[in-house]
Amino acid sequence: MAKIKQDGSVETQAAGGFELPDTAELQRMEGGAAVRQTAAETVLGGFSGDTEDLEIKYPIFRVKNGKPKNRELAKLPDGTLVLGDGGVVAEQGEPAEVIILSVRRYWKENQPVYDPNSIPDEKPTKQAVIDSGGTFDRRNAAPGAKEYRPAAELRLLVKKPEDTVSSLFGFELEGTEWAAARMFVDRSAAQEMLPVLAQDISTGGLRARGFLSGVYEIRTRERQFQNGNTTWVPRPRLIRFSSDDTVAKLKEAFGCFVSAPAAAAAAADDVPL
């Protein structure tokens, strides 16, 4: 039987007396035998034990397009900004507020025919594409050469919409709640977003303190191609700057995500976006 002492520590009663302090009555089965686990290996209200191989998967922030396999996503109109598996952040054309923590720009294979069972190749730099025999324009390349186009992965915070109940929004900042997320853009979405971000980080007000010092508004707009097909793309716009205290809090909480030099290097790439 467990006994809670005045100092908050735990001791458990064994036959004939008390066991050593900080030994909880928590047992698990291993190979048919009961194994006792000490209180020092558990955390009240937290997650403890062997957690090194547990991967934290952040939700994806995206623009809904086409007919995704997820049923909840498929029900939404194209152009809806979605977090995770169907959580609506903003309706078609309406704004969503985000704070960009970092941008990783890379080169992604532009497959001529979409194949859901094929994973496009990726290269980290322009030189890696050239070294692999790839091209940036299939029309002027040798037969069989893979064509690559700019793409990017964004780590960002998404502001919680009003009247939304979701466990994803757990980071409090300036009196509001935000969700840590990832966003992947390529093709038309990359063409829409990357030039704006590159301009802001290179010559705009974000140059000194990085992306995380500003708040962006993202809206979707419909883009039509020459063949008549259409798609919805995200359009970012810097709407305000954050205080030094806010920037410090973001660095403390998400420092592992923030990479201003990498963002600046991506912006300085001499290949047209």
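Residues numbered from 1 in each chain as written. Predicted model: local features only at pLDDT ≥ 70, side-chain atom pairs only at ≥ 80, totals over all residues. Heavy atoms only, no water.

Draft legend 1. Region of interest: the environment of Gly255. The topology assignment puts Gly255 in the loop between α4 (244-254) and α5 (260-267). Of the residues examined, Gly255 reaches a relative accessible area of 39% and is grouped as partly exposed. (Helix = DSSP H or I, 4+ residues; strand = E, 2+ residues; numbered from the N terminus. Buried < 20%, exposed > 50% of the residue type's maximum accessible area, 1.4 Å probe, protein only.)

Draft legend 2. How the structure looks around helix α3 (residues 187-203). Compared with the 24 Å implied by 1.5 Å per residue over 17 residues, the 24 Å span of α3 between its first and last C-alpha is a close match. When α3 is considered as a whole, its buried residues turn out to be Ser188, Ala189, Ala190, Glu192, Met193, Leu194, Val196, Leu197, Ala198, Asp200 and Ile201. (Expected span 1.5 Å × (residues − 1).)

Draft legend 3. Quick peek at the nonpolar core. In this structure, Phe61 and Leu154 are the most contacted members of the largest nonpolar core, which totals 30 residues. Broken down by secondary-structure element, the contributors of at least two residues to this core are β6 (61-63), β7 (81-83), β8 (87-90), β9 (96-109), β11 (148-159), β13 (176-186), α3 and β14 (214-224). For this core, the element with the highest residue contribution is α3, accounting for six residues. Setting aside residues no more than four positions away along its own chain, Leu154 makes contact with Ile100, Ser102, Val103, Ala181, Arg182, Met183, Val185, Met193 and Leu197. Core analysis: the next-biggest nonpolar cluster, separate from the first, contains twelve residues, Leu173, Trp178, Val215 and Phe254 among them. (Core = buried A, V, L, I, M, F, W, Y, C linked by side-chain atoms within 4.5 Å. Contact = heavy atoms within 4.5 Å.)

Draft legend 4. Region of the structure containing the packing of aromatic side chains. A complete count under the given rule lists two aromatic pairs for this structure. Positioned over the ring face of Phe171 is Lys249, at 5.5 Å from the centre of the ring. (Phe/Tyr/Trp six-rings, centres within 6.5 Å; stacked < 30°, edge-to-face > 60°. Lys NZ or Arg CZ within 6 Å of the ring centre and 35° of its normal.)

Draft legend 5. Structural view of the sheet that holds β8. The three strands lie next to each other as β6-β7-β8, forming an open sheet whose pairing is antiparallel. Each edge of the open sheet is held by one strand with a lone partner, namely β6 and β8. Across the sheet, the mean angle from the axis of one strand to that of its neighbour is 35 degrees, orientation sign disregarded. (Pairing = 2+ DSSP bridges. Axes fitted to C-alpha atoms, helices over the stretch in contact; angles between N-to-C directions.)

Draft legend 6. Examining the pairing of strand β15 (residues 230-241) more closely. One ladder, built from eleven bridges, connects β14 with β15; its direction is antiparallel. Residue pairing across strands places Gln224 opposite Thr230, the latter belonging to β15. Following β14, the chain reverses through five residues before pairing antiparallel with β15; Gly228 in that reversal takes a positive phi of roughly 95 degrees.

Draft legend 7. Just the pairing of β13, in detail. Sheet analysis places β11 next to β13, joined by nine bridges and oriented antiparallel. Following the sheet pairing, Ala151 is matched in β13 by Asp186. In the sheet, strand β12 (residues 171-173) pairs with β13 via three bridges, with the strands oriented antiparallel. Within β13, the residue paired with Phe171 across the bridge is Trp178. From the end of β12 to the start of β13, which pair antiparallel, there are two residues, and Glu174 there has a positive phi angle of about 50 degrees.

Draft legend 8. Representation of the side chain of Lys64 in the model. With respect to the element layout, Lys64 can be found in the loop between β6 and α1 (71-74). In this structure Lys64 comes out as buried when scored by relative accessible area, which is 6%. A polar contact of 2.9 Å, which involves the side chain of Lys64, links it to the backbone oxygen of Leu76. When residues no more than four places from it in sequence are discounted, the contact partners of Lys64 are Leu73, Ala74, Leu76, Pro77, Asp78, Gly79, Thr80 and Val82. (Polar contact = N/O pair within 3.5 Å; in protein donor to acceptor, adjacent residues only side chain to side chain.)

Draft legend 9. Seen up close, α4. Turning to α4, its buried residues are Thr246, Val247, Leu250 and Phe254. All buried residues of α4 lie within an arc of 100 degrees about the axis, which places them on one face of the element. In α4, those exposed residues whose orientation departs by more than 90 degrees from the buried face are Asp244, Asp245 and Glu252. Contacts from the buried residues of α4 go to β9, β11, β12 and β13. (Arc of directions from axis to C-beta.)

Don't take any of this as a statement about function, it's just geometry.
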